Amino acid sequence: MAVFLAVPLKQTQEVELVKPLRTFIQNTFTQADPDDYNQALNEFSKLRNLMISKSVDKHESALEILYRYYDQLVAIEDKLPIAENQIRVQFKWRDAFDKESLFSGKRILAIASGSYEKVCMLFNIAALQTQIAEVQNHDSDEGLKSSAKYFQATAGIYGHMKDVVLSHVQQDPTPDLNPDTLNALVALMLAQAQEAIYRKAASDKMKDSMVAKIAFQLSDLFADAMKLMQLQSLRDLWPKDWVATTVMKQAAFHAMAEYYQSCVAAEKKCYGEQISRLQHANELLSASMTRGGSVFCFKNELARVKRDLQAAKKDNDFIYHDQVPDVKSLPSIGKAVIAKPIPLTSKPMSERFTDLFSKLVPIPVFEAMTAFDNRKGQIVNTEIGRLRESTQLMNSVLASLNLPAAIEDLSGNKVPQSVLDKAAQIKQEGGMQYIDKLMRDLPELLQRNREILDEATRELEEEETSDTKLREQFKERWSRTPSEKLTKTLKEECTKYKSILDAAIGADRIVQEKYAKHKEAIAILSKPQVDLEKSIPSSGGGSGQQSSPAVTSLRQMMEEVETMKAERDVIESEIKDATFDMTGKFMAAMTANGLVNEEELSGAELDQIYSPLREQVTNSVQSQELLLGKIQNANTQFCHEKASSQGGAQREALLKDLASGFDMYMQLKGNLEEGTKFYNDLTPLLVKLQSKIHDFCFARKTEKDELMSDLQKSIVQQPSAAAPAAPSYQQPTSTGPYGETSKSRVPPPRPPPPSLTSTQQPATAPTGTQPSGPSAPPSQPPAQNYNQPGGWGAPAYGGAPQQDPNRSMPAMPSGFNPYNPYMGQQYQPPPYPGQQQPYPGQQQPQYPGQQQPYPQQQQYPGQPPYPQQQQYPGQQQYPGYPNQQQGQPPYPQNTQWR
């Protein structure tokens with residue numbers, strides 16, 4: 001009957017998955033709606049709980065559940081990273097070989113790591129495969145095939161694990177995940193796979209030479225497993241019958257290899273070799289039976305070998321007379337390596353696998369997309385900034401020249417139409433009141449964001465400070481990961497947002513300065529038209545310049561300025577609206593290479609789209625420089641032709657301020673609206689960061705409380721150090737009745753008990769006494785128990801206290817030492833603290849059956865009382881001492897440990 005060994009499963013418990021995963025999706029994938037993933041999250045959580053409950057079923061359906069959960073772990077590894085500093089879900093797994101003994105305790109390791117969960121799942125998948133292989137029908141071909149397949153797949157899984165477990169767990173694993181343990185399991189599973197193949201080959205009546213080679217290779221495989229399992233660090237790990245079974249099978253399959261090779265020798269008519277191999281096989285099977293003991297499962301094979309050996313010897317003795325060679329001189333059998341580990345592939349284990357989070361992109365792709373968006377944003381901001389900077393420069397130059405207002409009303413009595421249009425536009429945009437409102441709201445938004453960031457930073461610093469103090473206090477016993485390693489990313493994120501806010505504060509200050517400089521002009525343009533006309537003085541003169549060549553040229557160039565501004569608006573829209581589909585390219589790169597070279601892919605794509613737009617921006621800037629040169633030349637000629645007066649100078653200066661005020665209003669409005677949007681958009685990001693930090697700190701606090709509880713328990717359970725010896729001057733120095741001190745009142749060593757020689761005649765037992773033992777002859781004196789309250793002559797058994805009528809010795813006080821050199825005196829030792837001292841001569845009554853307790857004696861739960869001691873003639877019972885040494889007389893009867 002085939003006997004296979006199955007690996008026990010690791011045990012775990014349920015954990016909360018939905019909430020932390022949903023929070024991460026909400027905080028990380030800003031464009032995703034967490035509600036869209038509620039069903040997927042619930043399915044994932046249910047799948048893990050189902051995995052826990054179904055693991056005990058030794059069936060392929062249970063294995064399919066484990067496959068599906070493991071495939072989901074692999075699928076979300078790059079999308080929803082479970083780690084201490086990201087998605088903090090702590091997985092607790094118990095050592096599979098944990099016997100939970102009184103001394104070893106429970107071996108449990110808890111880590112917030114998805115990689116650790118994957119490793120434990122791989123272990124359980126392999127373990128369940130061995131359990132399914134164990135319960136197959138090994139009397140059928142299909143059962144043996146299934147067992148061989150599962151054992152080889154298990155060997156492949158454990159072989160993969162021993163190479164990656166340390167990098168995945170990143171701390172000391174439980175003994176079942178130790179690389180040495182996994183290496184031993186690989187060897188054992190390969191041996192069992194080869195055994196299933198051997199049994200199928202034997203049942204299929206394969207050639208004896210091939211079966212012998214399979215068996216000989218099988219013996220070597222079990223020898224390798226035996227050596228690895230008996231490493232010093234693993235000897236106490238395995239179930240009690242594993243090593244015995246392995247050692248037993250190593251010798252047994254060597255014997256079967258010799259047996260089948262003996263059949264080959266018989267076919268070749270090499271009868272001496274046949275007998276030699278059968279004898280060796282018999283010896284090996286006998287050794288296997290000795291090694292295996294109760295697990296020996298080759299009784300039929302042993303009987304077959306003995307039967308064939310007897311028949312072969314008989315035939316050789318009577319017929320062939322072939323010489324039997326030494327087994328060491330025989331040629332080697334050879335080996336057939338058939339069982340090999342099935343490597344673990346990257347394909348899903350389950351054929352019905354579907355990714356529950358297919359809509360989420362892997363984190364590397366998401367990070368590449370974020371980096372691409374940053375690169376794109378830099379290009380967009382740079383090119384749009386170039387356009388807007390050029391436009392502002394052009395507006396400033398025209399405002400300094402009072403264009404186009406100077407050529408619109410040459411009479412100097414009416415408000416230029418361009419000024420009226422600008423004033424109307426400002427009123428339409430909300431006027432000065434709108435700017436004032438934005439200026440008031442901006443500091444409040446800034447303060448709100450600063451408070452959120454400061455609170456998050458403070459909480460993070462407090463957690464790290466607390467962890468540092470506890471680490472300094474408990475040293476190496478504070479075993480959890482230091483906060484400074486986990487908070488690096490969070491600190492960098494806080495620093496990034498702080499620098500953003502500092503830059504925003506500087507930009508807000510510049511906006512305020514610009515507003516203060518142009519506030520008066522903006523106020524004039526915000527007035528009604530009647531008040532606006534009254535605010536602008538008249539110049540009175542020069543309508544003859546209406547047809548001047550300089551004026552005509554300036555009007556034509558003002559039209560070109562408007563055309564250039566319109567073209568720039570179109571270019572800016574094209575730069576902003578440029579679209580890219582980089583997700584597919586990044587996914588393809590990750591699938592092909594395992595990583596994303598974002599810089600290379602992004603650079604090529606951005607250059608292709610933005611190169612023509614950059615060229616248009618450059619051409620527009622260069623055209624502006626030429627146009628401004630022409631405008632300045634024409635304006636110089638216009639100023640020479642224009643008649644100037646004091647009133648005309650004031651009017652022109654005010655019109656220039658109004659033109660600059662309009663430009664600054666539009667610029668301030670855009671800046672303030674962008675600033676308001678920036679602060680409003682920054683607030684949810686800071687809230688998410690604060691929530692992430694709060695969740696991290698809460699999880700660390702929970703972990704800290706658990707670790708503190710464990711440390712407190714271990715500290716309480718540690719034995720206290722022994723108290724130091726009191727100095728000599730503190731020792732009691734009370735004197736006894738003869739002037740001796742307490743230090744000198746130490747009883748001398750016990751003398752040997754008296755013995756009767758052949759020349760001595762035993763005294764007659766005194767009247768009224770009985771021997772202590774049932775077999776004691778009446779001629780012997782009764783054994784005395786000096787510890788009895790009755791004193792001298794009291795019976796050894798627990799009877800009523802009696803005085804020996806033949807003795808006149810007075811009753812001795814409790815604790816009397818018969819070998820004290822002052823035993824003739826009535827000496828009462830000083831009482832112990834709290835002990836009531838009896839009156840001189842007072843007897844301590846003892847009733848029949850009463851037990852005399854001894855100090856420092858304990859009776860453990862379930863321990864039976866010591867049997868009553870029998871006394872024999874001539875035997876003396878000495879006073880019981882708390883710690884009885886070897887060679888001393890037994891304790892008095894009726895004494896029981898308590």
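Residues numbered from 1 in each chain as written. Predicted model: local features only at pLDDT ≥ 70, side-chain atom pairs only at ≥ 80, totals over all residues. Heavy atoms only, no water.

1. Some thoughts on the overall build of the protein
Then step 1. The secondary structure content of the protein amounts to 21 helices and 2 strands.
Then step 2. Residues classed as buried in the protein amount to 42% of the 898 residues present.
Then step 3. Restricting the contact set of the protein to residue pairs at least 6 apart, pairs at least 24 apart contribute 79%.
Then step 4. Here the protein has roughly 49100 Å² of accessible surface; of this, 51% comes from carbon and sulfur atoms. (Helix = DSSP H or I, 4+ residues; strand = E, 2+ residues; numbered from the N terminus. Buried < 20%, exposed > 50% of the residue type's maximum accessible area, 1.4 Å probe, protein only. Contact = heavy atoms within 4.5 Å. Areas by Shrake-Rupley, 256 points an atom, 1.4 Å probe, with all protein chains shown as cover.)

2. Re the nonpolar core
One broad trend across soluble globular proteins is that nonpolar side chains are buried collectively.
Then step 1. Core analysis: the biggest nonpolar cluster contains 116 residues, and Leu-80, Phe-123 and Tyr-158 have the highest contact counts within it.
Then step 2. Broken down by element, the residue count for this core peaks at 14 residues, all from helix H6 (residues 179–203).
Then step 3. Dropping the residues within four chain positions of it, Tyr-158 is found in contact with Val-7, Phe-123, Ala-126, Ala-127, Leu-182, Leu-185, Val-186 and Met-189. (Core = buried A, V, L, I, M, F, W, Y, C linked by side-chain atoms within 4.5 Å.)

3. Re the confidence of the model for the protein
Detailed reading of the predicted model is not advised wherever pLDDT is low.
Then step 1. Mean pLDDT over the protein works out to 79, with 76% of the residues at or above the 70 mark.
Then step 2. Predicted confidence is poor over residues 756–827, with pLDDT under 50, and the contacts of this stretch with residues over four places away or in other chains come to 116 contacts. (pLDDT = per-residue confidence, 0-100.)

4. Thoughts on the packing of helix H7 (residues 208–229) against helix H8 (residues 242–267)
Then step 1. One can describe the packing of H7 onto H8 by two numbers: an axis separation of 8 Å at closest approach and a directional angle of 160°. When the interaxial angle is binned, H7 and H8 end up roughly antiparallel. Note that H7 runs across H8; the crossing there is left-handed.
Then step 2. Among the residues making up the contact of H7 with H8, the classes are represented as 19 nonpolar, 6 polar and 3 charged. (Axes fitted to C-alpha atoms, helices over the stretch in contact; angles between N-to-C directions. Parallel < 35°, antiparallel > 145°, perpendicular 65-115°, else oblique. Left-handed = near helix turned anticlockwise from the far one by under 90°. Nonpolar A, V, L, I, M, F, W, Y, C, P; charged D, E, K, R; others polar.)

5. A few points about the environment of Arg-614
Then step 1. Residue position: Arg-614 is located in helix H20 (residues 598–641).
Then step 2. A residue is classified by how much of its surface remains accessible, and Arg-614, at 28% relative accessible area, is partly exposed.
Then step 3. For the pair formed by Arg-614 and Arg-386, sequence separation is 228 residues and the distance between their alpha carbons is 9.9 Å.
Then step 4. Beyond its immediate stretch of four places on either side in the chain, Arg-614 contacts Ile-379, Glu-383, Arg-386 and Asp-607.

6. Focus: the environment of Gln-129
Then step 1. Checked against the element boundaries, Gln-129 lands in helix H4 (residues 114–134).
Then step 2. Assessed through its relative accessible area of 3%, Gln-129 is described here as buried.
Then step 3. Taking the C-alpha atoms as reference points, Gln-129 and Gln-152, 23 residues apart in sequence, are found 9.7 Å from one another.
Then step 4. Excluding residues that lie within four positions of it along the chain, Gln-129 makes contacts with Leu-63, Tyr-67, Tyr-150, Ala-153, Thr-154 and Ile-157.

7. A closer look at the side chain of Glu-117
Then step 1. Looking at the secondary structure, you find Glu-117 in helix H4.
Then step 2. Residues contacting Glu-117, with those up to four places away along its chain left out, are Arg-48, Tyr-69, Leu-73, Phe-91 and Trp-93.

8. Here's the deal with helix H11 (residues 363–400)
Then step 1. Given a rise of 1.5 Å per residue, 38 residues ought to cover 56 Å, and the 54 Å separating the end C-alpha atoms of H11 matches this to within 8%.
Then step 2. One or two residues past the end of H11 sits Asn-402, with phi positive at roughly 60°. (Expected span 1.5 Å × (residues − 1).)

9. Here we look at a nonpolar patch on the surface
Then step 1. Among the surface-exposed residues, Phe-318, Ile-319 and Tyr-320 lie close enough to one another that they form a single nonpolar patch of about 360 Å² accessible area.
Then step 2. Residue placement: Tyr-320 occurs in helix H10 (residues 299–320). (Patch = residues over 30% accessible without salt bridge, like charges linked within 9 Å, V, L, I, M, F, W, Y side chains within 5 Å. Salt bridge = Lys/Arg side-chain N within 4 Å of Asp/Glu carboxyl O.)

10. A few points about the packing of aromatic side chains
Then step 1. All told, the structure shown has 20 aromatic pairs when counted by the stated rule.
Then step 2. For the ring pair Tyr-198 and Tyr-260, a centre distance of 6.4 Å and an interplane angle of 80° mean the geometry is edge-to-face. On the criterion of sequence distance, the pair formed by Tyr-198 in helix H6 and Tyr-260 in helix H8 is long-range, its members being 62 residues apart.
Then step 3. Assessed through its relative accessible area of 5%, Tyr-198 is described here as buried.
Then step 4. Grouped by ring-pair contacts, the aromatic residues Tyr-198, Phe-222, Phe-253, Tyr-259, Tyr-260, Phe-296 and Phe-298 constitute a single cluster.
Then step 5. If you follow Lys-10 out to its NZ or CZ, it ends over the ring of Phe-123, 5.9 Å from the centre. (Phe/Tyr/Trp six-rings, centres within 6.5 Å; stacked < 30°, edge-to-face > 60°. Lys NZ or Arg CZ within 6 Å of the ring centre and 35° of its normal.)

11. A few points about the pattern of salt bridges
Then step 1. Evaluated as defined, the whole model comprises 41 salt bridges.
Then step 2. Linking Glu-258 and Arg-277 is a salt bridge whose minimum nitrogen-to-oxygen distance equals 2.8 Å. With Glu-258 in helix H8 and Arg-277 in helix H9 (residues 271–292), this residue pair connects regions lying 19 residues apart in the sequence. The pair formed by Glu-258 and Arg-277 is uniform in burial state, with each residue classed as buried.

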